[in-house]
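Below are the chains, spelled out letter by letter.
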Amino acid sequence: MDKKFDQIDRALQRDARLSQRELADTVGLSQNACWRRLKALYASGLIEGHTVRLDPERLGLDLTVFVLIRTRHHSKDWLETFRGEVTGLANVIDFYRIAGDYDYMLKVVVEDMNAFDRVYQRLIEKVDLDTVTSYMTMEAIAVARDLPI
């Protein structure tokens, strides 16, 4: 990959609020050259969008829980129902199908243990699951890190 693309990607990951002029200055390109490279990055689908990282604790979301799920079901219908139910839970901020002893992993952010229990109860009420194991976090050490490019 072109070195300038790497520099633009890194700069945007650090601060997506950079103006086009600031980005051009940061990576050592003219504003027009930077605009063309950005346009190409968007067209290629490499840049998926722009987001803002919010502090969960300042929003009262003091508990982060990783939920590991094992299921006996792997049919298309079950999977569609499961995906729909999980993605319908606003407190589930990450959702993965994984390899290993479990089939799925969820990252859930909630106010407290009672709020997590409500999410858990809603999940098991709607979908037949084999095993659900939850891990409550005590400290976030490295969160939402930049991609290693």
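Below you will find a few notes about this structure. (Residues numbered from 1 in each chain as written. Predicted model: local features only at pLDDT ≥ 70, side-chain atom pairs only at ≥ 80, totals over all residues. Heavy atoms only, no water.)

Further remarks concern the packing of aromatic side chains. Throughout the structure, instances matching the rule amount to six aromatic pairs. Ring centres of W78 and F82 lie 4.8 Å apart, and the angle between their planes is 15 degrees; this geometry places the pair in the stacked category. Taken together, the residues W78 and F82, both in helix α4 (residues 76–87) and four residues apart, mark about one turn of the helix. The same class applies to W78 as to F82, namely buried. Three or more aromatic residues link up through ring pairs in this structure, and these residues are W78, F82, F95 and Y104. R70 extends its terminal NZ or CZ atom over the ring of Y102, reaching a point 4.5 Å from the ring centre. (Phe/Tyr/Trp six-rings, centres within 6.5 Å; stacked < 30°, edge-to-face > 60°. Helix = DSSP H or I, 4+ residues; strand = E, 2+ residues; numbered from the N terminus. Buried < 20%, exposed > 50% of the residue type's maximum accessible area, 1.4 Å probe, protein only. Lys NZ or Arg CZ within 6 Å of the ring centre and 35° of its normal.)

An order of β2-β3-β1-β4 is seen for the four strands of this open sheet, with the pairing classed as antiparallel. Single-partner strands in this sheet number two, and they are β2 (92–97) and β4 (131–136). Strand after strand, the sheet turns through a mean of 20 degrees between neighbouring axes, direction not considered. Examined bridge by bridge, β2 and strand β3 (residues 104–110) share five bridges and lie antiparallel to one another. Its bridge partner lying in β3, F95 is registered against L106. Relative to the sheet, α4 contacts β1 (63–70), β2 and β3, its axis offset from that of β2 by approximately 155 degrees. (Pairing = 2+ DSSP bridges. Axes fitted to C-alpha atoms, helices over the stretch in contact; angles between N-to-C directions. Contact = heavy atoms within 4.5 Å.)

So, on to the nonpolar core. Core analysis: the biggest nonpolar cluster contains 19 residues, and I69, F82, L106, V108 and L123 have the highest contact counts within it. Counting residues per element, the ones that place at least two in this core are β1, α4, β3 and α5 (113–126). What V108 contacts, discounting residues up to four positions off in sequence, is L63, T64, V65, V67, N91, V92, F116 and V119. Formed by 12 residues, the second largest nonpolar core is a distinct cluster that contains L23, L29, L38 and I47. (Core = buried A, V, L, I, M, F, W, Y, C linked by side-chain atoms within 4.5 Å.)

So, about helix α3 (residues 31–44). Helix length check: α3, at 14 residues, gives a terminal C-alpha distance of 20 Å against a target of 20 Å (1.5 Å per residue), a fit within 8%. Inspection of α3 places A33, C34, R37, L38 and L41 among the buried residues, and these make up the whole buried set. Projected onto a plane normal to the axis of α3, the buried residues spread over an arc of 135 degrees and lie on a single side. Turned more than 90 degrees off the buried face of α3, the exposed positions are N32, R36, K39 and A43. G45, located one to two residues past α3, shows a positive phi value of around 85 degrees. (Expected span 1.5 Å × (residues − 1). Arc of directions from axis to C-beta.)

Structural measurements only, silent on function.
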